[in-house]
Amino acid sequence: DGGGVMGEHYFGPSQTTYSEIWIRLYIKQLSGFIVGHEKVINAATAGVFCCIQNKYFGSGKLNMVNKQGDYWLPQNQGKDVTLINDKWFYLEVHLKINSATGVADGIYEMWMDDCGTDGLGCTGPGTLVAQYLAVDWAAGELPFTRLWLENWSPGTNKSTGEEYYDQFIVRTQRIG
C-alpha cells in the first residue's frame, strides 16, 4: 500500500540545507480516529531520515525513531504526553545532526502539551518530554534538506479517521 496523504517540502527556494532545526505544529485527531503505525513528521537528509512516530501500532504516545540506525527514542523526562482524540496538542521538536559519522553529539528534544478541545489551553513554551543530547544519527555531516509529512500506514496497520495540523513552522532556533 502506498501513501495517499503525504507532503514533502524542501527548505527555501534553492533547497537550502541545515544541520539543526526546530519544528513546531499543533495536531488534533478527531473523534473515531484510530492510530495505526504512522509517522507524523520525517526530517530528511541526503542519507538518513528520522521521524516523530506514534508509538509502534498506535498507542498515541509520540517518540522519535532513527530510520538509519533503527532505534527508538521515547519520551524520557517523566512527563509523558499521549495524544487524545478531539484535543489539540502542541508539539515542538529540536533536531541536530551529529558532526561526523560515529560521533554521538547529535540532539533530539521534544516538547508537548495538551491544549484542550478548542486549542487555546497552551500558553507557555511547552513541556519538555524527551531530551537526548548524545545522538548518533548515523548521518554525520549530512544536513537536513526537507520535511516530509507521511500520514499513512501500510497493510493492516492503517490509521483511520481524520487528523488535523495547524501552525506548522520550521526555524533555526527555538520557537516556543
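As the structure is a prediction and not an experimental result, all values here were calculated from the model.

What follows covers the sheet that holds strand β2 (residues 20-29). Reading across from one edge, β9-β8-β7-β2-β11 is the order of the five strands in this open sheet, with antiparallel pairing throughout. The open sheet has two edge strands with one neighbour each: β9 (127-135) and β11 (163-171). The average undirected angle you get between the axes of adjacent strands in this sheet is 15 degrees. Looking at chain direction, strand β8 (residues 106-116) and β9 are connected through six bridges and run antiparallel. Of the residues in β9, the one forming a bridge with Met110 is Ala130.

Residue placement: Asp113 occurs in strand β8. No salt bridge is formed by the buried Asp113, whose closest oppositely charged neighbour, Arg174, lies at an N-O distance of 7.4 Å. Excluding its chain neighbours within four sequence positions, the residues that come into contact with Asp113 are Trp88, Phe89, Tyr90, Cys122, Gly126 and Thr127.

Our focus in this paragraph is the pattern of salt bridges. Going through the model one piece at a time under the given rule, you end up with two salt bridges. Put simply, Lys87 and Asp114 hold a salt bridge, and the shortest N to O gap is 3.1 Å. Taken as a pair, Lys87 in the loop between β6 (71-73) and β7 (88-96) and Asp114 in strand β8 lie far apart in primary sequence, 27 residues in all.

In total, this model carries one disulfide according to the counting rule given. One disulfide in the model links Cys115 with Cys122; its S-S distance is 1.9 Å. Between Cys115 and Cys122, the S-S torsion sits near -100 degrees, and that sign places the bridge as left-handed. Of the residues examined, Cys115 reaches a relative accessible area of 1% and is grouped as buried. By relative accessible area, which is 19% here, Cys122 ends up buried.

Take the pairing of β7 next. Most of β7 sits inside the fold, with eight of its nine residues counted as buried. Judged from the nine bridges that link them, β2 and β7 form a sheet pairing that is antiparallel. Looking at the pairing, Ile21 lines up with Leu95 of β7.

Quick look at the packing of aromatic side chains now. Under the counting rule described, the total for this entry stands at two aromatic pairs. The interplanar angle of 65 degrees and the centroid separation of 5.7 Å between the aromatic rings of Tyr26 and Tyr90 together place this pair among those described as edge-to-face. Residue Tyr26 is found in strand β2, and its partner Tyr90 is found in strand β7; the two are separated by 64 residues along the sequence. By the burial criterion, Tyr26 is buried, and Tyr90 matches it. Note on Tyr108 and Tyr132: the rings are 5.9 Å apart at their centroids and 15 degrees apart in plane angle, and the pair reads as stacked. Residue Tyr108 is found in strand β8, and its partner Tyr132 is found in strand β9; the two are separated by 24 residues along the sequence. What makes Tyr132 buried here is its relative accessible area of 18%. Seen from the ring of Trp111, Arg174 lies directly overhead, with NZ or CZ sitting 3.8 Å from the centre.

The rules behind these values
Residues numbered from 1 in each chain as written. Predicted model: local features only at pLDDT ≥ 70, side-chain atom pairs only at ≥ 80, totals over all residues. Heavy atoms only, no water. Pairing = 2+ DSSP bridges. Helix = DSSP H or I, 4+ residues; strand = E, 2+ residues; numbered from the N terminus. Axes fitted to C-alpha atoms, helices over the stretch in contact; angles between N-to-C directions. Buried < 20%, exposed > 50% of the residue type's maximum accessible area, 1.4 Å probe, protein only. Lys, Arg positive; Asp, Glu negative; His and termini not counted. Salt bridge = Lys/Arg side-chain N within 4 Å of Asp/Glu carboxyl O. Contact = heavy atoms within 4.5 Å. Disulfide = S-S within 2.5 Å. Phe/Tyr/Trp six-rings, centres within 6.5 Å; stacked < 30°, edge-to-face > 60°. Lys NZ or Arg CZ within 6 Å of the ring centre and 35° of its normal.

Functional significance is not addressed by these values, which are geometric in nature.
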